[in-house]
Structure formats: C-alpha cells, structure tokens
Amino acid sequence: MKENLELILKNASEEINKAQTMQNLEDIKLKYLSRKGELNSIKKNLKDLSDEDKRIIGALANKVSNELEELITKKNEEIYKIELNKKLNEEKIDITLPSDFRPQGKVHPLTQTVSEIVEIFQGMGFSLVKSENSPEVETEYINFDMLNFPPDHPAKDMQDTFYTKVAPNVILRSQTSGAQIRQMLNQKPPIRVISPGRVYRCESVSARKNNLFHQIEGLMVDTDISFGDLKGVLNEFVRLYFGVNRPTRFRASYFPFTEPSAEVDVQCIMCGGKGCRTCSGTGWLEVLGSGMVHANVLRNVGIDPEVYSGFAFGMGVERLTMLKYAINDIRLFFNNDIRFLKQF
Ligand code: DAH
C-alpha cells in the first residue's frame, strides 16, 4: 500500500507538471482526489489493516493528498497567469493610433429658426396645429376661396401657383394660411395656434426668391380679441426673436383675409435705422404680414363674427433667418453647401 501511495504521488506529480490547461488539472483532480479517485480507493481499504499500519498508511495517504492539492493549486495559478498574459497580448490595442474623425451633424438653419419661433409662441400659449390641418398639397378652395380671395385674384394665376395633375383645382399651397381655415373648421374658439410649413410659388429663382420656402402661420380667435392683442403678441415676438428692444412699426397693408391688415417692420439690424443697402435706405425691414381675421373668413368657417374676433399673421422663415444672420442669398439655404451649413 505504501508503494501504491508513492506511485500515485509520483504519477500524479508528473501529470500535474505536464498539465497545460485548467481542464487538464480538473481531470487530474478527478482521477486522483475525487470520491471515486485512486487515493480514496486506498483509504477505503485502510479498515482491513492493523491499528499500527492504519496510522502509518493513513497519515501517508493524507500527506500525499495534501501534497497533490498543493501542487494543483500552484499549477493552477501558473496556468491562470499564462492564459491571462496570452489574452492580454491578443487583445492589445494601440492607443496611439488616431481615432476615426466623425464630423458632428448640425440642425439646418431654417429648422433652427422654426424651432426658435415655435418656442417663442408656445411661451405665449400658442400650440401647433395638427399636421393634417396643414397639408402641402391643397385645394384652391382652401388656399384661396375660403380665405376671401376674389375669383379673379392675380395670385391664383398660373404664373404664381403650381397646379397639379391630380385634379383640377388641386395645387401646391402658396401660403400656410389655409391652415387657419382647416383649424377653424375643426375647432371652436378659443383658438390659439401656429403652423409652420413649406409653401410653393411658381416664380423665377433669384437671390431673394425661391420656388419653395417656409412660412409660419399664426391664428388667435376668441371673444374680444382686438388689434391691441395683435400688436402686443407681435411686438413681444419681435423682441424675443431679435433679442433686443428694437423699435417696430405697423404699416397699413392689404390681404384679402384680414381687415384691417398690417405689415410689421423692425428697425434695420444692420444700420439701426440710418438707412443702408440691407434696408434699401429706409431704415426698416419688413418681417411679417398680419391683420384682424376678415368677417367673411369667420363666416366661411361657421364662426359668428358678431360674437368672435381674431387676428392672424404669417411670416417667412427664410426672410427672418436672413435678417438675423445677414445672409444675402436665399439659395444658400437649398444648395446643401457644407461650408455654409456648418456655420450654424
Ligand atoms: N399669407 C400671406 C402671404 O403669404 C401672409 C399673411 C399675411 C398671413 C397676413 C396672415 C396674415 O395670416 O394675417 O403673403
């Protein structure tokens, strides 16, 4: 039995020495040290020995078992270190390599202006009209007739408006004002909404004009809405958008769907009112059109003009952006020239 134990120690030690992986060690443990292992089968036979031999052989068996455990633990650490180093070597990264350069995208300046203006009006209690009340493909009926345009109005001319082949009288809207009509058909007063969107006009493209541009429409209808409310809201808008207490003026104008109508000018941001090229020497810049909603328009949508009144306004997003950043050509917004776009 003694020789047997010594043989086990010798063989097992050799095997441990040769082990390359954790799995090898596990197998060795199983073979020699487990319940069904070789050492245990010797220990099981101890009961047949004399007391004296039991003591000696038992002690030897324990010693062999302890020694093997110790060898395995040591070898285990060794293999762990080797495997770790191997892994670290394989996964080594060169932190001195330059990283991929990914230029950051920017929000288009027109989108920035729209967000800014929407936020200003939301701050005054206006909400956005639902997109279904503001379609880009519109009927002549909503775009013009319901807005009190007389049937022979020049804006309806083929020269100004894009007609489609979908059906006669289906057009690309020439203004966002149709959203007023759709909103009022779908909502009873009080109404306080704005509606940004694209509009289309059949015009020759120049530094000042593009076939496609953006407008923001506004509408407020309630009992007792006066021209004073219109002035208060629009003055506050100009103050917040241009950022300083810049003088404004309300100039009498004409739109078929408002009466009275006014265009709002802001003192020229380039010359401060002295007169320069930007303001064509006038000292003023026109920023939007507005007015009190015409009684005919209210009647057209079934709102009683004896009970309710309202004001409306419409502004050009390109124009407001050009004024704010002194941009002199509207086409820059649509050319996708990264040198222009990345400045915003
Ligand atoms: N729709 C007009 C245009 O395109 C702008 C406008 C003027 C809108 C007065 C309004 C308004 O709501 O009250 O020129």
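All values derive from a computational prediction rather than experimental measurement. (Residues numbered from 1 in each chain as written. Predicted model: local features only at pLDDT ≥ 70, side-chain atom pairs only at ≥ 80, totals over all residues. Heavy atoms only, no water.)

Comments concerning the environment of N143
Working step 1: Positionally, N143 belongs in helix α6 (residues 140–143).
Working step 2: Residues N143 and A179 lie 36 residues apart in sequence; the distance between their C-alpha atoms is 8.6 Å.
Working step 3: Residue contacts for N143: discarding those within four places in its chain leaves E138, F149, I171, R173, S174 and Q175.
Working step 4: There is a polar contact of 2.9 Å between the side chain of N143 and the side chain of S174. (Helix = DSSP H or I, 4+ residues; strand = E, 2+ residues; numbered from the N terminus. Contact = heavy atoms within 4.5 Å. Polar contact = N/O pair within 3.5 Å; in protein donor to acceptor, adjacent residues only side chain to side chain.)

Overview of the site of the ligand
Working step 1: Near the ligand, the surroundings consist of 15 residues, among which Q175, S177, R201, Q215 and E217 are the closest.
Working step 2: Between Q180 and the ligand, the recorded distance is 3.0 Å, taken from a side-chain N or O atom to an oxygen atom.
Working step 3: In the environment of the ligand, an oxygen atom lies 2.9 Å from a nitrogen or oxygen atom belonging to the side chain of R201.
Working step 4: Contact with the protein chains hides 89% of the accessible area of the ligand, taken as 360 Å² for the molecule alone.
Working step 5: Contributing elements (two or more residues each) for the shell around the ligand: β5 (212–222), β8 (284–293) and β9 (309–316).
Working step 6: Grouping the constituent residues of the shell around the ligand by class yields 4 nonpolar, 9 polar and 2 charged. (Near = heavy atom within 4 Å. Areas by Shrake-Rupley, 256 points an atom, 1.4 Å probe, with all protein chains shown as cover. Nonpolar A, V, L, I, M, F, W, Y, C, P; charged D, E, K, R; others polar.)

Things to note about the packing of aromatic side chains
Working step 1: With the rule as written, the count across this model stands at 14 aromatic pairs.
Working step 2: Considering the side-chain rings of F237 and Y241, the 5.8 Å spacing of their centres and the 20° angle between planes classify their relative orientation as stacked. Of the two residues, F237 and Y241 are both situated in helix α8 (residues 227–242); the distance of 4 residues between them amounts to about one turn of the helix. By the burial criterion, F237 is buried, and Y241 matches it.
Working step 3: Feature note: the residues F121, F126, F237, Y241, F242, F311 and F313 constitute an aromatic cluster, connected by ring pairs.
Working step 4: If you follow K324 out to its NZ or CZ, it ends over the ring of Y241, 4.1 Å from the centre. (Phe/Tyr/Trp six-rings, centres within 6.5 Å; stacked < 30°, edge-to-face > 60°. Buried < 20%, exposed > 50% of the residue type's maximum accessible area, 1.4 Å probe, protein only. Lys NZ or Arg CZ within 6 Å of the ring centre and 35° of its normal.)

Brief notes about a nonpolar patch on the surface
Working step 1: A cluster of nonpolar residues, Y80, L84 and L88, forms a patch on the protein surface that exposes about 310 Å² of accessible area.
Working step 2: Within the secondary structure, L84 is located in helix α4 (residues 51–90). (Patch = residues over 30% accessible without salt bridge, like charges linked within 9 Å, V, L, I, M, F, W, Y side chains within 5 Å. Salt bridge = Lys/Arg side-chain N within 4 Å of Asp/Glu carboxyl O.)

Points about the sheet that holds β9
Working step 1: Spatially, 7 strands are ordered β1-β4-β5-β9-β8-β7-β6 in an open sheet, and the strand pairing comes out mixed. Edge strands, defined here as strands with exactly one partner in the open sheet, are β1 (127–128) and β6 (248–255).
Working step 2: The sheet contact formed by strand β7 (residues 258–267) and β8 spans 8 bridges and is antiparallel. Counterpart to A262 in the pairing with β8 is S290.
Working step 3: Packed onto the sheet, helix α5 (residues 109–123) meets β1, β4 (191–200), β5 and β9 and runs at close to 165° relative to β4.
Working step 4: Docked against the sheet, α8 engages β6, β7, β8 and β9, running at close to 150° with respect to β8. (Pairing = 2+ DSSP bridges. Axes fitted to C-alpha atoms, helices over the stretch in contact; angles between N-to-C directions.)

Comments concerning the packing of α8 against helix α10 (residues 317–325)
Working step 1: Between α8 and α10, the least distance of the axes is 11 Å, while the angle of their chain directions is 50°. Classed by the angle they form, the pair α8 and α10 counts as oblique. Packed against α8, whose contacting residues are F237, Y241 and F242, the element α10 presents L320, T321, L323 and K324 at the interface.
Working step 2: Here the contact of α8 with α10 is built from residues that sort into 5 nonpolar, 1 polar and 1 charged. (Parallel < 35°, antiparallel > 145°, perpendicular 65-115°, else oblique.)

Focus: the pattern of salt bridges
Working step 1: Within the structure shown, the criterion is met by 16 salt bridges.
Working step 2: Here E15 makes a salt bridge to K31, at a shortest N to O gap of 2.9 Å. A residue pair is termed long-range when its members are at least 10 positions apart, and E15 in helix α1 (residues 2–18) and K31 in helix α2 (residues 22–33) qualify at 16 residues.
Working step 3: Close ionic contact of E236 with R239 constitutes a salt bridge, the shortest N to O distance being 3.0 Å. Here R239 and E236 lie together in helix α8, a separation of 3 residues that amounts to about one turn.
Working step 4: A relative accessible area of 26% means that E236 is categorised as partly exposed.
Working step 5: Classification of R239 by relative accessible area gives partly exposed; the value is 38%.
Working step 6: Linked by salt bridges that have partners in common, R249, R251, E263 and D265 make up one network.

Some words on the domain arrangement of the protein
It is common to give the size of an interface as the accessible area that goes away when the parts come together.
Working step 1: Parsing the protein into structural domains produces domain 1 (2–90) and domain 2 (109–341).
Working step 2: Just the C-alpha atoms count here: the centres of domain 1 and domain 2 sit 89 Å apart. (Domains from an automatic or database assignment.)

With respect to α5
Owing to its 3.6 residues per turn, the α-helix aligns residues three or four sequence positions apart on the same side.
Working step 1: Between its first and last C-alpha atoms α5 spans 21 Å; for 15 residues at 1.5 Å apiece the expected length is 21 Å, and the two agree.
Working step 2: Residues of α5 that are buried include every one of P109, L110, T113, V114, I117, V118, I120 and F121, and no others.
Working step 3: Directly after α5, the chain includes G125, whose backbone phi takes a positive value near 90°. (Expected span 1.5 Å × (residues − 1).)

What to know about unusual backbone geometry
Working step 1: In this structure, P190 follows P189 across a cis peptide bond, with omega equal to 5°.
Working step 2: Following the sequence through the fold, P190 ends up in the loop between α7 (178–186) and β4.
Working step 3: P260 follows E259 through a cis peptide bond whose omega is -5°.
Working step 4: Of note, P260 is situated in strand β7.

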